[in-house]
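Summary of the model geometry
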Amino acid sequence: MSVIYMLLSISVIVAIVFFVAFIYAVKKGQFDDSYTPSVRMLFEDEIIKEKSNKKKLSTNQKNKF
Amino acid sequence: MEQTTCFHCGDNCSNSIITLNEKSFCCNGCKTVYEIFSENDLTCYYDLQSSPGAIPKEIQGKYDFLSQENIIDKFTEFNDGQIQIATLYIPHIHCSSCIWILENLNKLNPNISASQVNFGKKTVRVNYGIKDYSLKDVVLLLSSIGYEPYISLDDFKTGKAEINRSIIYKLGVAGFAFGNVMFLSFPEYFQVDGFWIEQYKNVFRWLMFAFSLPVVFYAGQDYFISAYKGLRSKLLNIDVPIALGIAVLFIRSTIEILFDFGTGFFDSLTGLVFFLLLGKFFQQKTYSFLSFERDYKSYFPIAVTKIINGEELPTQVYDIKKGDRLLIRNEELIPVDGVLINGKARIDYSFVTGESEAVSKKSGDKLFAGGKQTSGIIEMEAIKSVEQSYLTQLWSNDVFNKNKEEGFTTLTNTISKRFTIAVLSIAFIATTFWLFKDASKAMNVFTAVLIIACPCAIALSAPFTFGNLLRIFGKLKFYVKNASVLEQLAAVNTIIFDKTGTITSNQKSSANYEGVRLTASEETLLKNTLRGSNHPLSRTLYDILDEHNIITLNHFEEHIGKGVEASHNNDRIKIGSASFVGATETSALNTTVHVSTNNVYKGKFTFYNSYRKGLSKLFNKLKKQYDLVILSGDNKGELENLKKLLPTKTKLIFNQKPDDKLEYIKYHQTEGAKVLMIGDGLNDAGALAQSNVGIALSENVNVFSPACDAILDASKFNQLDKFISASKSAIKIIKWSFVLSFMYNIIGLYFAVTGQLLPVVAAVLMPLSSISIVVFTTIATNFLGRKLNK
């Protein structure tokens, strides 16, 4: 058994793994909205800042709704 | 005077400024939203984008129907008795602040566990616990912060639409196979005869075969189906030579590896399908937040309040029967034709006719479906059901079931007919020639011709040109439904405009004063009186008049449906209808407001529609190439005014009912006219559907427009001629890229006919021609776009 068979099968398996990952991602709807995630990822920092402020400011705050 | 803008919504705070925390607000609504956000530490909302908000609307009782179980069911996609998930469409979503605040709804109310925005579709998906919360509460919360969801009858009927992702799957499959096959073909590209390749070539070849199977039978299946459909209706569309090419490539390659003739053309095969699908994907650019298929259903409410024995009950619109007593609140829509029973009705028919002026109705008057009540609560009795109402009847016309794309031959298909015949003749002639010269090569040449002539580049020209142009137009606020609309737009020779709301603008009108000149003190009094009135005509007139000192009125009284009365010191003023101020009623076609001071009649203000900026310039540019027509549902009041403004050749036709407009267009189409209709209201819906291209003009593209082929932002109205000429240039670009791809075909055919087509030549030629077409069309359309921007 030549090494070429092993290399070929590895390369095909790796390709198929990525292909399956792609199909899975499409099925989960990751390609449905290509804009919002790009904005959402930039919020992260501000939310953390918010939380630290919140502890100081509003400990006994009630929600209106 | 320096302009102060509202910190929350960015509107002008000219009338009244409310200040809080050194920030100015235009109204209490905006201030309240700010308070809600600052109480919950969400003021970050204002850091991301300045003035991102909207004024919250009065929604008392409007969403009571959302407490009904069967309606909740239609909206929720998940419901296990504890948690519900609902997706709501919110037209106001427009910036990163909107995304941020809507994804932080859980900070406003702990019952909401998560919320996710889809910016492209302008929807938010909310998960909430239903123990002490409900869908209605979610909607009320959203409305209270200025993000009122848009809920219409359309949501009720359709249910959940399946998202079609097949093009992405197919593109994925083709790309995956293309990459792998390219890899596997490399050894044989470079090493033709060698010990190593002799030993392993079968492994490579059969692997390539395996990879090409899903490409032919899954990714490429649309081409076979479309070609079959085309042939059955005796039409040689572009998919016929493509399907032929794919089939021949696959069969010949399989035979070659089966009998060890050669490596086959699996690389070209997978590459071809991949590039074709890429073109399709590119053209498929759609505006997910816009709908081009709207009818009255997406505009009508789901439920209204019915009064049964003095009790108020939310009822589904479809359940309304003749004789039902309905309660219509402020800002609510009249869903059926009916008779006003009591209350002060001021009906705004702007969505129906485009007329921005609300009309007053007395009890006993007929009310038509589609109007919006704008002052207080009224009661009415239904005299028809929803489907039978005057406006909704229009949708029973056949026009709405017709597919416009049928019966229209695209440029690509016109070319492909001749192309296919030419290719087939070349293939047969070359085969006959080789049959006599060297019969063993005949089959080889026949298949080679079909392979190399596979019109990949031709098939890509139109998708890439139009796809790119759609994008450029979209940036310029002209949203076109699909590529075939652009082709039809280029072929137009008659342009028909609706009047009200289309060539006139909703926002401002102008007024002329006729009568005795008012003194300075009278003008001051007039202006100050108007200041107190909320009637739309008073507001318009107030904005038109010059600035005056603010004085305090001793007495102010508004008589609904008649006018206003006020006094300052010893001067009294009456503003309103002719009978109210004591003038003789003149039968005018235009809207007028009469004025009298101290019981002496002074004169009247006559309102005229104000036309959109650049209207006569646009018409003068268009008149050289197109027949222009104005088709209006209104009376002839504006005839003289329009005659002055527009080129003399323009046809002006008034008093057209929705059906009349449709018939007018139909009649001219039978005479060979290619009609572009530009309208805005629901009453134009029939005309927009009948015309070759129907463009809906919209002041706010997110809100509403009738079914159409394209939506044009009102601010770009005066650039209409540029858009049409750009579509024409696009046709030229496509023709040039056809020429380019024919050159590639001639080179390829030389190899094929002479019987020396090697797989590597095909594998180089195919992507080369496709890529150069893509580059050419992209550069050319971008150049076109740059010209448009100027």
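Residues numbered from 1 in each chain as written. Chains lettered and ligands numbered in written order. Predicted model: local features only at pLDDT ≥ 70, side-chain atom pairs only at ≥ 80, totals over all residues. Heavy atoms only, no water.

Using the following cut-off: UniProt positions are given in the numbering used here, feature names are shortened, and annotations may be inferred rather than shown by experiment.
An unreviewed UniProt entry annotates chain B as Cu+-exporting ATPase originating from Ichthyenterobacterium magnum. In its Subcellular location (unreviewed entry) section, UniProt records this for chain B: "Cell membrane". Looking at chain B in UniProt, the text filed under Sequence similarities (unreviewed entry) is "Belongs to the cation transport ATPase (P-type) (TC 3.A.3) family. Type IB subfamily."

In the nomenclature of an unreviewed UniProt entry, chain A corresponds to Cbb3-type cytochrome oxidase maturation protein from the organism Ichthyenterobacterium magnum.

Let's talk about the overall build of chain B
Quick reminder of the rule: To qualify as a helix, a DSSP run of H or I must reach at least 4 residues; to qualify as a strand, a run of E must reach at least 2; elements of each kind are numbered from the N terminus. Relative accessibility under 20% of the residue-type maximum defines a buried residue, over 50% an exposed one, and the middle range a partly exposed one, all with a 1.4 Å probe and only protein chains included. Whether two residues touch is decided by their heavy atoms; if any such pair falls within 4.5 Å, the residues are in contact. Per-residue and other accessible areas follow the Shrake-Rupley method at a 1.4 Å probe size, with only the shown protein chains counted as cover for residues.
A count of helices and strands for chain B gives 27 helices and 28 strands. Buried residues in chain B amount to 53% of all 790 residues. Considering only residue pairs separated by 6 or more positions, chain B has 67% of its internal contacts joining residues 24 or more positions apart. Accessible surface for chain B amounts to roughly 35600 Å². Of this, 54% is attributable to carbon and sulfur atoms.

Here we look at the UniProt feature "transmembrane region" (unreviewed entry) in chain A
As annotated in UniProt, the feature "transmembrane region" (unreviewed entry) corresponds to residues 6-26 of chain A in the numbering used here. Helix makes up 100% of residues 6-26 of chain A and strand 0%, with an end-to-end C-alpha separation of 30 Å.

Some details on the packing of aromatic side chains
Applicable threshold: Note on ring pairs: Phe, Tyr and Trp rings are taken, using the six-membered ring of Trp, and paired if centres are within 6.5 Å. Classes follow the plane angle, with under 30 degrees stacked, over 60 edge-to-face and the rest tilted.
Enumeration over the complete set of coordinates arrives at 23 aromatic pairs over all chains. When the centroid spacing of 5.5 Å and the interplanar angle of 75 degrees are considered together, the rings of Phe 22 of chain A and Phe 31 of chain A count as edge-to-face. For Phe 22 of chain A, a relative accessible area of 23% puts it in the partly exposed group. Their ring planes at 75 degrees and their centres at 5.2 Å tell us that Trp 206 of chain B and Phe 209 of chain B sit as a pair that is edge-to-face. Highlighted residues: Trp 206 of chain B and Phe 209 of chain B, both in helix 9 (residues 195-219), separated by three residues, approximately one helical turn. The class for Trp 206 of chain B is partly exposed, based on a relative accessible area of 33%.

So, the pairing of strand 26 (residues 675-679) of chain B
Residues and elements named next belong to chain B. This is how it is decided: Any two strands with at least two DSSP bridges between them are considered paired.
Of all five residues that make up strand 26, five are buried, and the element is covered over most of its length. Residue alternation in strand 26 divides its side chains into two sets, Val 675, Met 677 and Gly 679 and Leu 676 and Ile 678, and both sets are buried. Taken together, the four bridges between strand 17 (residues 494-498) and strand 26 define a ladder with parallel strand orientation. If you follow Ile 496 over to strand 26, its bridge partner there is Met 677. Sheet topology note: the strand 26/strand 27 (residues 693-698) ladder contains four bridges and is parallel. Each residue of the ladder has a partner; that of Gly 679, found in strand 27, is Ala 696.

A word on the confidence of the model for chain A
All names here are of chain A. Condition: A score between 0 and 100, pLDDT records how confident the predictor is in each residue.
In this model, chain A carries an average pLDDT of 71, and 65% of its residues clear a pLDDT of 70 or more. The secondary structure element of chain A with the lowest average pLDDT is helix 3 (residues 44-57), at 47, and the one with the highest is helix 1 (residues 3-27), at 91. Low pLDDT, under 50, characterises residues 48-65; the stretch is placed with 22 contacts to residues that sit more than four places away or in other chains.

Details of the sheet that holds strand 15 (residues 378-382) of chain B
Residues and elements named next belong to chain B. Judged by pairing direction, the sheet is antiparallel, and its six strands sit side by side in the order 8-7-9-15-10-13 without closing on themselves. Strand pairing shows two members of the sheet lacking a second neighbour, strand 8 (311-316) and strand 13 (366-367), which therefore form its edges. Pairing geometry for strand 7 (residues 303-308) and strand 8, over six bridges, is antiparallel. By the bridge assignment, Val 304 is partnered in strand 8 with Thr 315.

Describing the pairing of strand 10 (residues 338-342) of chain B
Residue and element names in this part refer to chain B. Note: strand 10 against strand 13, two bridges, orientation antiparallel. Bridged to Val 339 within strand 13 is Lys 366. One ladder, built from four bridges, connects strand 10 with strand 15; its direction is antiparallel. If you follow Gly 338 over to strand 15, its bridge partner there is Ala 382.

A word on the environment of Ser 24 of chain B
Residues and elements named next belong to chain B. Position of Ser 24 among the secondary structure elements: in strand 2 (residues 23-25). When the C-alpha positions of Ser 24 and Phe 7 are compared, they lie 5.8 Å apart, and in sequence the two are 17 residues distant. Excluding residues within four positions of it along the chain, Ser 24 makes contact with Thr 4, Thr 5, Cys 6, Phe 7, Ile 17, Ile 18 and Thr 19.

Remarks on the pattern of salt bridges
Residue and element names in this part refer to chain B. Here is the rule we go by: We define a salt bridge as a contact between a side-chain nitrogen of Lys or Arg and a carboxyl oxygen of Asp or Glu at a distance within 4 Å.
Applying the stated rule across the entire model yields 13 salt bridges over all chains. In this structure, Arg 252 engages Glu 256 in a salt bridge whose closest nitrogen and oxygen atoms are separated by 3.0 Å. Pair noted here: Arg 252 and Glu 256 are both in helix 11 (residues 239-258), with a separation of four residues, about one helical turn. The class for Arg 252 is buried, based on a relative accessible area of 10%. Between Asp 498 and Lys 661 there is a salt bridge, with its nearest N and O atoms 3.0 Å apart. Taken together, the residues span a long stretch of sequence, with Asp 498 in strand 17 and Lys 661 in helix 24 (residues 658-670) at a distance of 163 residues. Given a relative accessible area of 2%, Asp 498 falls into the buried group. Residue Lys 661 is classed as buried on the basis of its relative accessible area, which comes to 1%. What you see here is one network of salt bridges that share partners, running through Glu 188, Lys 201, Arg 205 and Asp 260.

Examining the interface of chain A and chain B
Worth spelling out the cut-off: Two parts placed together each lose some accessible area under a 1.4 Å probe, and the buried area is that loss summed for both. Any N or O atom pair separated by 3.5 Å or less is treated as a polar contact, with the protein-specific requirement of one donor-capable and one acceptor-capable atom, and with residues adjacent in sequence counted only for side-chain atom pairs. Ten residues, namely Ala, Val, Leu, Ile, Met, Phe, Trp, Tyr, Cys and Pro, are considered nonpolar, four, namely Asp, Glu, Lys and Arg, are considered charged, and the remaining ones, Gly among them, are considered polar.
Between chain A and chain B, the contact holds 31 residues from the first and 38 residues from the second. Between chain A and chain B the total buried area reaches about 3200 Å² when both faces are included, carbon and sulfur atoms providing 63% of it. Scanning the region where chain A abuts chain B turns up zero salt bridges. For the pair chain A and chain B, the number of links is two residue pairs in polar contact (both at pLDDT 80 or more). Elements represented by at least two residues in the side of chain A that touches chain B include exactly helix 1, helix 2 (36-40) and helix 3 of chain A. Residue contributions to the side of chain A that touches chain B peak at eleven residues, all from helix 1 of chain A. Among the residues making up the side of chain A that touches chain B, the classes are represented as 17 nonpolar, six polar and eight charged.

Details of a nonpolar patch on the surface
Residue and element names in this part refer to chain A. Rules: Patch criteria: residues need more than 30% relative accessible area and no salt bridge. Like-charged residues are merged within 9 Å; nonpolar side chains of Val, Leu, Ile, Met, Phe, Trp and Tyr are merged within 5 Å.
Where nonpolar side chains cluster on the molecular surface, the patch consists of Val 3, Met 6, Leu 7, Ile 10, Val 14 and Phe 18 and spans about 610 Å² of accessible area. Of note, Ile 10 is situated in helix 1. The class for Ile 10 is partly exposed, based on a relative accessible area of 44%.

Structural notes on the UniProt feature "transmembrane region" (unreviewed entry) in chain B
Residue and element names in this part refer to chain B. Here the UniProt-annotated "transmembrane region" (unreviewed entry) positions come out as residues 167-186, 206-224, 236-255, 261-282, 419-436, 442-466, 733-753 and 759-784. In this annotation, residues 206-224 is assigned 95% helix and 0% strand; the end-to-end C-alpha distance for the span is 24 Å. Taken end to end, residues 261-282 is 77% helix and 0% strand, and its two terminal C-alpha atoms sit 38 Å from one another.

Regarding the packing of helix 1 of chain A against helix 9 of chain B
Our working definition: Convention adopted: a line fitted to C-alpha atoms gives each axis, helices being fitted over their contacting stretch, and angles between N-to-C directions are expressed from 0 to 180 degrees. Orientation labels follow simple angle bins: below 35 degrees gives roughly parallel, above 145 gives roughly antiparallel, 65 to 115 gives roughly perpendicular, and whatever is left gives oblique. Two helices cross in a left-handed way if the nearer one is turned anticlockwise from the farther one by less than a right angle. They cross in a right-handed way if the turn is clockwise.
Packing of helix 1 of chain A against helix 9 of chain B brings their axes to within 12 Å, and their N-to-C directions diverge by 20 degrees. The angle between helix 1 of chain A and helix 9 of chain B places the two elements in the roughly parallel class. Helix 1 of chain A and helix 9 of chain B meet at a crossing whose hand is right-handed. Every residue of helix 9 of chain B that contacts helix 1 of chain A at Ile 4, Tyr 5, Leu 8 and Val 12 of chain A is listed here: Trp 196, Tyr 200, Val 203, Phe 204, Leu 207 and Phe 211 of chain B. Here the residues of the contact of helix 1 of chain A with helix 9 of chain B sort into ten nonpolar, no polar and no charged.

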